[in-house]
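Close look at the chain arrangement
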Amino acid sequence: MTDFRGQVDDPDIKATYAVDQSVATPPEGDFTLVRARDLADVVEVLTEAQARGIPVVPQGARSGRAGGAVAVEGGIVLNVMGLAGVSTVDDVEGIAVCGPGTVTADLKQAAAAHGLFYPPDPASVAFCSVGGNVATNAGGLCCVKYGVTADHVRGLQVVLAGGEVIRTGRHTAKGVAGLDLTGLFVGSEGTLGVVTEVVASLLPAPAPALTALATFDSLDAASRAIVALRRDPHRPSMAELLDAFSIKAVQQLGDYGFPSDCAAVLLVQSDRDGHTREDVQRYGDLLSTAGATEIAVADDPAEAEALMAGRRVVSTALEGHGARMVEDVCVPIARLTELVERSQSVCRSLGVEVAFSGHAGDGNLHPSLFFDAGDPASRERAEAAFGEIVDLALGMGGTITGEHGVGSLKAPWLRRELGDAEIQRQQRIKAVFDPAGILNPGRVYPPLAG
Ligand SMILES: Cc1cc2nc3c(=O)[nH]c(=O)nc-3n(C[C@H](O)[C@H](O)[C@H](O)COP(=O)(O)OP(=O)(O)OC[C@H]3O[C@@H](n4cnc5c(N)ncnc54)[C@H](O)[C@@H]3O)c2cc1C
């Protein structure tokens, strides 16, 4: 194979680029790693790859949970973390322009330096990339009020298979010329093109948030409380759930201020300018009525920050407990209690240990299903629970993935959600941008029957 600019041949380095943060297994055989440094490197790879029919796996910070950035045998892993940096913050248009390898927290910080706010806030904000967020249409902690990444992207630069560089969308506040190709690329998980620049849209900075912590004596009570919270006319800027297992794991890492003797907590925030105190007090009353046993308001910024830090380390804390599969189903919020109860029952019957945490305010939970990595039967039981929870969510009118994407792990379920005719239609759209099918093959779209 051609030597590409930015190609890395050291096997130890390559091994670290073969995987993401999912349980998807890397290939046994070899692959090529290119760490692109600029647009020209990306163009070179995509031109050559199409000419020679070589699969390309676009890759950001490898924090993905769905196996979408895992290397494929004989393919090229095209990592774009080298295309980093915020080149523009325009406080009149309310936009920032940045490279796909910009770490999301850096974009948020660049906006904040101008008194502006880039809302997307995945729990991985400190290490995931803006390009990866665009490719997965990442969600996170703020979606309950601010929506997902798609709601904050105005335009993109994308390199297509074959090397053509295109621009989608706009820099202006409005624009309805032609089809919304930006919307098409956001969430396409590297199957349509490689994002090489992002025009993000920014909001005025909100007020510093106040946090209320509510404790519950059951997970179901906490889920019911979320339903009550959603009816409040002033939407919280965050509504996150942690069960007793997750709380204990977090507190074992350090004292993040979580109580030790409850079945679940909800962390609820308001960042409504001039109304944060009034909002969290009202949320507290509402949660008490819905069954919270205790409410504490963190009005000291240090305490509020400790709770948020605790929320952000849930994943690290649970990882300490052992190998796990992280679910990402999303159901209609009114059916959250049913999802929790039925998932608990599935896990009990299969003998799978489970921890619940996630973005309850969106109906999007991340049950962690633990297994013994050295015991194939244990892994099979966790896989069975994973599948049954996906089926449960679909049966409730939910989706197989709220924010992590389909990747390779959930491709087998896409047909259940969309049906063959819809998958065929989407594959025809993919072929417009990637006629030879070299971009992330086998990801998102399962092979069709017959
Ligand atoms: C601890 C932890 C917490 C997390 N919390 C959240 C959360 O709250 N919300 C959430 O949504 N996700 C969360 N995630 C998942 C993950 O961080 C997101 O999916 C994130 O958007 C992936 O970004 P990345 O840069 O790591 O992309 P990668 O993992 O490298 O890639 C993800 C997908 O995007 C594609 N891709 C990456 N960059 C590009 C590009 N420039 N052009 C085209 N395709 C590209 C890849 O092919 C792959 O399909 C979490 C993960 C971890 C480990």
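Up top is the structure these notes are about.
Here we summarise the structure given alongside this text. (Residues numbered from 1 in each chain as written. Predicted model: local features only at pLDDT ≥ 70, side-chain atom pairs only at ≥ 80, totals over all residues. Heavy atoms only, no water.)

Overview of the pairing of strand β9 (residues 165–169)
Looking at chain direction, strand β8 (residues 153–159) and β9 are connected through five bridges and run antiparallel. Paired with L156 across the two strands is T168, which belongs to β9. Linking two consecutive strands that pair antiparallel, namely β8 and β9, is a turn of five residues; a positive phi of about 100° is found at G162 within it. (Pairing = 2+ DSSP bridges. Helix = DSSP H or I, 4+ residues; strand = E, 2+ residues; numbered from the N terminus.)

Some remarks on the layout of surface pockets
Empty space within the second largest pocket amounts to approximately 820 Å³. Lining the second largest pocket are 33 residues; nearest its centre among them are F117, D121, P206, A209 and Q269. Of the residues forming the lining of the second largest pocket, the biggest block, six residues, is contributed by helix α10 (residues 301–312). Partitioning the lining of the second largest pocket into residue classes produces 22 nonpolar, four polar and seven charged. (1 Å grid on protein atoms, 1.4 Å probe; cavity = no way out; pocket = protein on both sides within 12 Å on 5 of 7 lines; lining within 4 Å. Points joined across faces, edges and corners; volume = space filled by probe spheres on them. Nonpolar A, V, L, I, M, F, W, Y, C, P; charged D, E, K, R; others polar.)

So, the sheet that holds strand β17 (residues 354–355)
Pairing is antiparallel in the open sheet, where three strands are placed in the order β16-β20-β17. With partners counted over all chains shown, the strands left at the sheet margins are β16 (324–326) and β17, one partner each. Bridge count for β16 against strand β20 (residues 368–370) is three bridges, and the pairing is antiparallel. Its bridge partner lying in β20, M325 is registered against L369.

Describing a negative patch on the surface
Among the surface-exposed residues, D3, D9, D10 and D12 lie close enough to one another that they form a single negatively charged patch. For D12, the position within the fold is in helix α1 (residues 11–16). The class of D12 is exposed, set by a relative accessible area of 62%. (Patch = residues over 30% accessible without salt bridge, like charges linked within 9 Å, V, L, I, M, F, W, Y side chains within 5 Å. Areas by Shrake-Rupley, 256 points an atom, 1.4 Å probe, with all protein chains shown as cover. Salt bridge = Lys/Arg side-chain N within 4 Å of Asp/Glu carboxyl O. Lys, Arg positive; Asp, Glu negative; His and termini not counted. Charge placed at Lys NZ, Arg CZ, Asp CG, Glu CD. Buried < 20%, exposed > 50% of the residue type's maximum accessible area, 1.4 Å probe, protein only.)

Comments concerning the pairing of β8
Along β8, seven of the seven residues are buried, which leaves the element largely enclosed by surrounding structure. For β8 and strand β10 (residues 194–201), the ladder comprises six bridges, and the chain directions are antiparallel. Note on β10: the bridge partner recorded for V158 is V195.

Remarks on the site of the ligand
In the region of the ligand, 37 residues are neighbours, and P58, S63, G64, S124 and S129 sit closest. G64 has a polar backbone atom sitting 2.7 Å from an oxygen atom of the ligand. Within the backbone of G68, one N or O atom sits 3.4 Å away from an oxygen atom of the ligand. When the free accessible area of the ligand is taken as 970 Å², the share hidden by the protein chains comes to 96%. Of all elements in the fold, only β3 (56–59), α4 (130–136) and β10 reach the threshold of two or more residues within the shell around the ligand. The element that contributes the greatest number of residues to the shell around the ligand is α4, accounting for five residues. Taken together, the residues that form the shell around the ligand break down as 13 nonpolar, 20 polar and four charged. Split by domain, the residues of the shell around the ligand number at least three in each of domain 1 (7–79) and domain 2 (86–204). (Near = heavy atom within 4 Å. Polar contact = N/O pair within 3.5 Å; in protein donor to acceptor, adjacent residues only side chain to side chain. Domains from an automatic or database assignment.)

Concerning the sheet that holds strand β4 (residues 76–79)
If you walk across this open sheet you meet the four strands as β1-β2-β4-β3, and the pairing is mixed. What marks the edges here is a single partner per strand, and that holds for β1 (7–8) and β3. Where β3 meets β4, four bridges bridge the pair, whose relative direction is parallel. Note on β4: the bridge partner recorded for V57 is V77. Packing against the sheet, helix α2 (residues 39–52) makes contact with β2 (32–35), β3 and β4, and its axis sits at approximately 160° to β4. (Contact = heavy atoms within 4.5 Å. Axes fitted to C-alpha atoms, helices over the stretch in contact; angles between N-to-C directions.)

Considering unusual backbone geometry
In the Ramachandran plot, E189 falls in the positive-phi region, its phi being about 55° despite a non-glycine side chain. Along the chain, E189 falls in the loop between α6 (181–185) and β10. Assessed through its relative accessible area of 12%, E189 is described here as buried. At N440, a position not held by glycine, the phi torsion is positive, near 45°. If you trace the backbone, N440 turns up in the segment after α15 (420–433).

Regarding empty space enclosed by the protein
Regions of empty space are outlined by a rolling probe, equal in size to a water molecule, passed over the atoms. Here the structure, examined in full by the defined rule, presents one cavity of 30 Å³ or more. Taken as a whole, the largest cavity encloses approximately 50 Å³ of empty space. Taken together, R65, A66, V326, D328, F386, H404, G405, L409 and K410 form the lining of the largest cavity. Split by residue class, the lining of the largest cavity holds four nonpolar, two polar and three charged.

Observations regarding the packing of helix α7 (residues 219–230) against helix α12 (residues 336–350)
Taken N-terminus to C-terminus, the directions of α7 and α12 make an angle of 160°; their axes are 8 Å apart at the nearest point. Classified by the interaxial angle, the pair formed by α7 and α12 is roughly antiparallel. In this structure, α7 meets α12 at a crossing whose hand is right-handed. Across the interface between the two elements, L219, D220, S223, R224 and I226 from α7 touch L336, T337, V340, E341 and Q344 from α12. Each residue belonging to the contact of α7 with α12 can be placed in one class, and the counts come to four nonpolar, three polar and three charged. (Parallel < 35°, antiparallel > 145°, perpendicular 65-115°, else oblique. Left-handed = near helix turned anticlockwise from the far one by under 90°.)

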